[in-house]
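Observations on the model geometry
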Amino acid sequence: MRFLHTSDWHLGRSFHRAGMLGAQAEFIGHLVSTVREREVDAVVVSGDVYDRAVPPLSAVELFDDALHRLAGLGVPTVMISGNHDSARRLGVGAGLMGRAGIHLRTEPSACGTPVLLPDAHGDVAFYGLPYLEPALVRDEFGVERAGHETVLAAAMERVRADLAARPAGTRSVVLAHAFVTGGEPSDSERDIAVGGVASVPAAVFEGVDYVALGHLHGCQTLTDRVRYSGSPLPYSFSEAGHRKSMWLVDLAADGSITAERVDCPVPRPLARIRGTLEDLLADPALVPHEEAWVEATLTDPVRPADPMARLAERFPHTLALVFDPDRPPDDPDVSYARRLAGRDDQQIAEDFVAHVRGAGPDAHERTVLRDAFDAVRADEAAREVAR
């Protein structure tokens, strides 16, 4: 069976202040053309179809167009909800859509119920594991302490139990939306850390032939059988080095995997440039970036006048401007944001305790802080689900 693995469309999202709807529509056209031209048997979309729980009408219309075009090809599609999606909204009409070959998997309780797609060698079972917010699904999976690894392990136990009851030789594909250890994040993914731990080991998914991951925006191979497709478009300048693509996967009769990257259309290249304003305006080496979307970091010791307007004369698609003066690390004027770079909420809170009290939190106090952050995250997730 040949299937196309994609994820993280984020329909409705912009890139800084640049609208992306046209580029997203171009990607959908490319996806449909690839399905037709490469004789794809199935499409899998591993979450974050939309960028937010209540997407704009233009994004919903584009999603509707994508579903109609995929259904029109007669090629089945399996989709799961991601942490940006409202699972309840995305799952509306799932029963009817399933009759047209569009299989939406948004309910945690259905993790062990696959979509069965046959080929010449028998059935391939596609199991959809939507994004599992630990605090909201702990009762469903009967786990004592909510955590990403715990709930995903429980979901995979259901997958393996169902697969064991099927005829010998049944091949399996799992769709999951998670942060798996070894994956490289970017700046555009929403944090899903619980208890300070966001990642789960790839070993959680043992026992299946292929794991189609979503959530991280860079295309990555964790093992031959565990891969991220990445987002088809960039959503932050941290993705400037990404090659945006989808995985075209051939699943053989014996369960062996062959995977090929299929490049996605590039609406405009990304460039991150750094230096003083005068250097950036004069440097001939920057000519290739003049038509790119640009993030400029200015290192002038004193902020120059009208920097964005002056940059736009040479780089008309400048979208982000960062000030990072060249100063020694102990300079008192080093920015607060620079001092916090790379530190998560837990670490920032612990540093604050140490600053005001003279000593950092003890083990019990760290647990209290962690539980407080988890409670806030759970409350935010519950509010989003209820919207």
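In short, a report on the structure. (Residues numbered from 1 in each chain as written. Predicted model: local features only at pLDDT ≥ 70, side-chain atom pairs only at ≥ 80, totals over all residues. Heavy atoms only, no water.)

1. Some words on the nonpolar core
- Ranked by size, the top nonpolar core spans 32 residues in total, and within it Leu129, Phe141, Leu152, Met156, Val174, Phe205 and Leu213 carry the most contacts.
- Of all elements in the fold, only β6 (122-129), α5 (134-141), α6 (148-164), β7 (171-177), β8 (179-180), β10 (210-214) and β12 (226-228) reach the threshold of two or more residues within this core.
- The biggest single contributor to this core is α6, with 7 residues.
- Once residues lying within four places of it in the same chain are set aside, the contact partners of Leu129 are Ile80, Cys111, Leu152, Ala155, Met156, Val159, Val174, Leu175, Ala176 and His177.
- Ranked by size, the runner-up nonpolar core spans 28 residues in total, among them Ile28, Ala66, Leu67 and Cys264. (Core = buried A, V, L, I, M, F, W, Y, C linked by side-chain atoms within 4.5 Å. Buried < 20%, exposed > 50% of the residue type's maximum accessible area, 1.4 Å probe, protein only. Helix = DSSP H or I, 4+ residues; strand = E, 2+ residues; numbered from the N terminus. Contact = heavy atoms within 4.5 Å.)

2. Structural notes on the pattern of salt bridges
- A full pass over the atoms with the stated rule returns 16 salt bridges.
- The closest approach of N and O atoms between Asp263 and Arg243, which form a salt bridge, is 2.6 Å. Within this pair, whereas Asp263 is found in strand β14 (residues 257-263), its partner Arg243 is found in the loop between β12 and β13 (245-251), the two being separated by 20 residues in sequence.
- A relative accessible area of 43% means that Arg243 is categorised as partly exposed.
- A salt bridge links Asp326 to Arg274, with the shortest nitrogen-to-oxygen separation between them at 3.8 Å. Of this pair, Asp326 sits in the loop between β17 (318-323) and α9 (336-340) while Arg274 sits in strand β15 (residues 270-275); the two residues are 52 residues apart in sequence, bridging distant segments of the chain.
- By relative accessible area, which is 55% here, Asp326 ends up exposed. (Salt bridge = Lys/Arg side-chain N within 4 Å of Asp/Glu carboxyl O.)

3. Overview of unusual backbone geometry
- The backbone phi angle of Asp48 is positive, close to 55°, even though this residue is not glycine.
- Take Asp48: its relative accessible area is 1%, and that puts it in the buried class.
- The phi torsion at His215 lies on the positive side, around 125°, for a residue other than glycine.
- With respect to the helices, strands and loops of the structure, His215 is situated in the loop between β10 and β11 (220-223).

4. With respect to the environment of Leu280
- Examined against the element boundaries, Leu280 turns out to sit in helix α7 (residues 277-282).
- The exposure class assigned to Leu280 is buried, which follows from its relative accessible area of 2%.
- Between the C-alpha atoms of Leu280 and Arg145, which are 135 residues apart in sequence, the distance is 52 Å.
- When near neighbours in sequence (up to four residues on either side) are disregarded, Leu280 contacts Ile273, Arg274, Gly275, Leu286, Ala296, Thr297, Leu298, Leu311, Arg314 and Phe315.

5. Considerations on the packing of helix α1 (residues 21-37) against helix α2 (residues 57-72)
- With their axes 10 Å apart at the nearest point, α1 and α2 run at an angle of 10° to one another. One way to sum up the angle between α1 and α2 is to call them roughly parallel. Between α1, through Leu21, Gln24, Ala25, Ile28, Gly29, Val32 and Val35, and α2, the contact on the second element is made entirely by Ser58, Leu62, Ala66, Arg69 and Leu70.
- Partitioned by chemical class, the residues of the contact of α1 with α2 number 8 nonpolar, 3 polar and 1 charged. (Axes fitted to C-alpha atoms, helices over the stretch in contact; angles between N-to-C directions. Parallel < 35°, antiparallel > 145°, perpendicular 65-115°, else oblique. Nonpolar A, V, L, I, M, F, W, Y, C, P; charged D, E, K, R; others polar.)

6. A closer look at the sheet that holds β14
- Spatially, β4-β3-β2-β1-β13-β14 is the arrangement adopted by the 6 strands of the open sheet, whose pairing is mixed. The open sheet has two edge strands with one neighbour each: β4 (102-105) and β14. In this sheet, neighbouring strand axes are inclined to one another by 20° on average, regardless of whether the strands run parallel or antiparallel.
- Here β13 pairs with β14 via 7 bridges, running antiparallel. Residue pairing for β14: Trp247 is matched across the bridge by Arg261. (Pairing = 2+ DSSP bridges.)

7. Here we look at empty space enclosed by the protein
- Tallying each qualifying case throughout the model produces 1 cavity of 30 Å³ or more.
- The volume enclosed by the largest cavity comes to roughly 50 Å³.
- What lines the largest cavity is simply Pro130, Tyr131, Leu132, His148, Val151, Leu152, His177 and Ala178.
- Tallying contributions element by element places α6 first for the lining of the largest cavity, with 3 residues. (1 Å grid on protein atoms, 1.4 Å probe; cavity = no way out; pocket = protein on both sides within 12 Å on 5 of 7 lines; lining within 4 Å. Points joined across faces, edges and corners; volume = space filled by probe spheres on them.)

8. Focus: the pairing of β15
- In terms of strand pairing, β15 meets strand β16 (residues 293-298) through 6 bridges, oriented parallel. When the sheet's bridge partners are listed, Leu270 is paired in β16 with Trp293.
- Assessed by its sense of winding, the connection that carries the chain from β15 through α7 to β16 is right-handed. (Right-handed = clockwise from strand over helix to strand, strands pointing away.)

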